[in-house]
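Here's the letter readout for the chains.
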Protein chains: 2
Amino acid sequence: MAITVVGSVAFDTVETPAGRVDRCLAGAATYFSLAASYFTDVRVIAVVGEDFTAKEEAVFAARGIDTRGVERAPGKSFFWQGSYLENLNEAKTLQTDLNVFASFEPKIPAAYQDSEFLFLANIDPVLQKRVRDAMPGVKLVGGDTMNYWINDHRDNLLKMLACVDILLINDTETKLLAGSRNPVKAARDVLSLGPKSLVVKHGEYGATAFFGPNSFHGNGLDSHHPFRAPALPLAEVVDPTGAGDSFAGGFFGYIASQPELTPAVFKRAMFYGGVMGSFTVERFGTERLRQLTREEIEERFAIFRELTHLD
Amino acid sequence: MAITVVGSVAFDTVETPAGRVDRCLAGAATYFSLAASYFTDVRVIAVVGEDFTAKEEAVFAARGIDTRGVERAPGKSFFWQGSYLENLNEAKTLQTDLNVFASFEPKIPAAYQDSEFLFLANIDPVLQKRVRDAMPGVKLVGGDTMNYWINDHRDNLLKMLACVDILLINDTETKLLAGSRNPVKAARDVLSLGPKSLVVKHGEYGATAFFGPNSFHGNGLDSHHPFRAPALPLAEVVDPTGAGDSFAGGFFGYIASQPELTPAVFKRAMFYGGVMGSFTVERFGTERLRQLTREEIEERFAIFRELTHLD
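A few points on the structure. Throughout this description, residue numbers start from 1 for each chain and increase along the sequence as written. Here chains are named by letter from A upward and ligands by number from 1 upward, in the order in which they appear as written. Where totals are concerned, whole chains, interfaces and linings use all residues; where local detail is concerned, this predicted model gives features only for residues with pLDDT of at least 70, and gives and counts side-chain atom pairs only at 80 or more.

**Remarks on the interface of chain B and chain A**
To keep it simple, the criterion reads: Any pair of residues counts as being in contact when their C-beta atoms, constructed from backbone geometry, are within 7 Å of one another. Only DSSP runs of H or I reaching four residues or more are called helices, and only runs of E reaching two or more are called strands; each is numbered from the N terminus.
Between chain B and chain A, the residue contacts involve 28 residues of the former and 28 residues of the latter. Sorting the residues of the side of chain B that touches chain A by element identifies helix 7 (183-191), strand 13 (227-229), helix 9 (263-280) and helix 11 (294-308) of chain B as the ones contributing at least two each.

What follows is the structure, given as structure tokens:
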């Protein structure tokens, strides 16, 4: 079953202790769709500029990703420059040029309307809500956001949260969105805003899923049973950019590949999310994510299981 | 099989967002021995002052803990005062009075010499090494340390590390002791100093065990297979003091209760460590740890499994 993702397709310049890359293909929708493409059909809604050439297009095409919803606009694509030299766990933003993204009006190809899954990557919550409303046929909606929208656009964000089934954000964003610093109470606060489930990403420590009282009825995913998936201890993290979006892509991609969202599927999806994030950070940009095989993914899934399972 | 633990038996005054307790029974050896007492026989080596009365003695006696190695000295017991008001994950030390601990010379009762397990809780590494050397019959030695010894007494600490089988320290201590900030490389560095295994405690995110090239031979615990155990997301952490020592107590207590240290036993021990830590933080001081039943422990163990296991 197909997933439509709306979000940024961008170019990044990134410095890490392992080196530097200039203007590599990046953006949340790019990482998400590459990761999800190993599990299911993916369709992208985004806007790019004239610097998005046949070379970048080929990256999506090689993974069979539908880019009919990627609008070409005059000007340059969204550009971000960041450094992880001081802290590999948190990027220091050096430059952000919205470029064509500043006037982004998502356009949804008619052929995307039969998508059963929708992922609203981190963009203006007004646009997230608009896309969600324009795709009434989707069965499951996932979403992401960031500090900027939580702090300065809370009213719009709350409207978006009311129509998201699974929200994937990190520890800092969770505490900022909630009224409590305690992780369980903070999750309860966020779940009261609408999502059936909150997946909190902990970076090198993995992720925890919490379920609300209005969770997936009758399938055993409930507020008394959070679920925690690991991250893999890696001897070298080359570039952490995109790990969270790759997690979301692996997570939703796996769910979309299964006939039903059972508790077992949700739990395995959490593991696949971690698996895809662990690949992404092994190389700069999307390099590692472009060249995987399903066998490598299954091998790493087995390592994640062995890392945490008693028997 | 019995465990001997050497470390502090102390009084703590603690402030947390949940309230305050004055001069409650505490200290690493106290938390460790109470936690381990649910699994095996425990013997304590420590020194206390005249403020350690029949009331405190009764806490150990109620759990069947052997205190013949707890010396009574003129003066007051070790006292620590800390606050978690600003940060529940890290105590701010307000006062430390070594008192009788300043001239502590561990004395090992002859009856302790048949202990098969020894845990060197966080004290001066010179004393840790002395106790280890004075108990040549032990089969497995665990140890803990802290920033102060790592920074200012490194030579003595290195001598201690050379005779420890399993070192249990937290993320910050691991990075400080190692030359790398990367968790895998840092673990490799620490393991090169002597321990067969390093258990890194991550607080609310659980703990990860790493194994060195000189690990437990032939039983499948090796350098290519770290193991990660969860911590339980709790809606209220009343007092984090002693969580790490309780983890160590549950971990070593369970190992000591088993006929052999197999990979399965090591992994289950990691879970039991998390279980005992999760109980400790639910009340001030040792309150929760005094009144557990083995049934409650097994119930929580099942929750830890459910929290992380796919099926």
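**Examining the relation of the copies chain B and chain A**
Each of the two chain copies can be generated from the other by rotation about an axis followed by a shift along it. Operational definition: Superposition of the copies used a least-squares fit over C-alpha atoms from residues whose pLDDT is at least 70 in both.
When chain B is fitted onto chain A, the two copies agree to an RMSD of 0.0 Å after a turn of 180 degrees and an axial shift of 0.0 Å. What we have between these two chains is a two-fold relation. Counting the interface residues of chain B, we find that 100% of their copies in chain A are interface residues as well, pointing to one common contact surface.

**Overview of the pairing of strand 3 (residues 19-26) of chain B**
Residue and element names in this part refer to chain B. Here is the rule we go by: Only strands joined by at least two bridges in the DSSP assignment are considered to pair.
Here six bridges tie strand 2 (residues 10-16) to strand 3, and the two strands are oriented antiparallel to one another. Residue pairing in the sheet places Ala10 in a bridge with Ala26 of strand 3. Linking strand 2 to strand 3, which pair antiparallel, is a turn of two residues.

**Points about the sheet that holds strand 3 of chain B**
All names here are of chain B. Here is the rule we go by: Lines fitted to the C-alpha atoms define the axes, with helices restricted to the stretch that makes contact. Angles between their N-to-C directions range from 0 to 180 degrees.
The four strands lie next to each other as 3-2-6-7, forming an open sheet whose pairing is mixed. What marks the edges here is a single partner per strand, and that holds for strand 3 and strand 7 (92-97). Pairwise comparison of adjacent strand axes, ignoring direction, gives a mean angle of 15 degrees for this sheet. Where strand 6 (residues 78-83) lies against strand 7, five bridges are found, and the strand directions are antiparallel.

**As for the nonpolar core**
What counts, and what does not: Buried Ala, Val, Leu, Ile, Met, Phe, Trp, Tyr and Cys residues form a nonpolar core when they are connected through C-beta atoms within 7 Å. Our exposure labels follow a C-beta count within 10 Å of each residue's own C-beta, placed from the backbone: buried means 20 or more other C-beta atoms, exposed means 12 or fewer, and partly exposed covers the counts in between.
Counting 184 residues, the largest nonpolar core has Phe32(A), Phe119(A), Phe32(B) and Phe119(B) as its most contacted members. Setting aside residues up to four positions removed in sequence, Phe119(B) forms contacts with Ile3(B), Val5(B), Phe32(B), Gly142(B), Ala248(B) and Phe252(B).

**Brief notes about the sheet that holds strand 1 (residues 3-6) of chain B**
All names here are of chain B. Strand order in the open sheet formed by nine strands is 5-4-1-8-9-10-11-12-13, and the pairing between neighbours is mixed. Of all strands in the sheet, those with a lone pairing partner are strand 5 (66-72) and strand 13, marking the two edges. Direction aside, neighbouring strands of the sheet carry axes that sit 15 degrees apart on average. As judged from the four bridges shared by strand 8 (residues 117-120) and strand 9 (residues 140-143), these two strands associate in the parallel manner.

**Digging into helix 1 (residues 28-36) of chain B**
With respect to burial, helix 1 of chain B is a largely interior element, nine of its nine residues being buried. Considered for burial, the residues of helix 1 of chain B that qualify are Ala28(B), Ala29(B), Thr30(B), Tyr31(B), Phe32(B), Ser33(B), Leu34(B), Ala35(B) and Ala36(B).

**Brief notes about the packing of helix 9 (residues 263-280) of chain A against helix 11 (residues 294-308) of chain A**
Residue and element names in this part refer to chain A. For the record, the criterion: Relative orientations are named as follows: roughly parallel for angles under 35 degrees, roughly antiparallel for angles over 145 degrees, roughly perpendicular for angles from 65 to 115 degrees, and oblique for any other angle. By the definition used in this description, the sense in which the near helix is turned from the far one sets the handedness, with an anticlockwise turn below a right angle giving left-handed and a clockwise turn giving right-handed. In the scheme used here, Gly and all other residues not listed as nonpolar or charged are polar, with Ala, Val, Leu, Ile, Met, Phe, Trp, Tyr, Cys and Pro taken as nonpolar and Asp, Glu, Lys and Arg as charged.
Their axes nearest at 9 Å, the elements helix 9 and helix 11 cross at an angle of 115 degrees. Relative to helix 11, helix 9 is oriented roughly perpendicular. For the element pair helix 9 and helix 11, the recorded crossing hand is right-handed. Touching Phe271, Tyr272, Gly274, Val275 and Ser278 of helix 9 are Ile297, Arg300, Phe301 and Phe304, all from helix 11. Broken down by class, the residue content of the contact of helix 9 with helix 11 amounts to six nonpolar, two polar and one charged.

Just distances and angles here, no functional claims.
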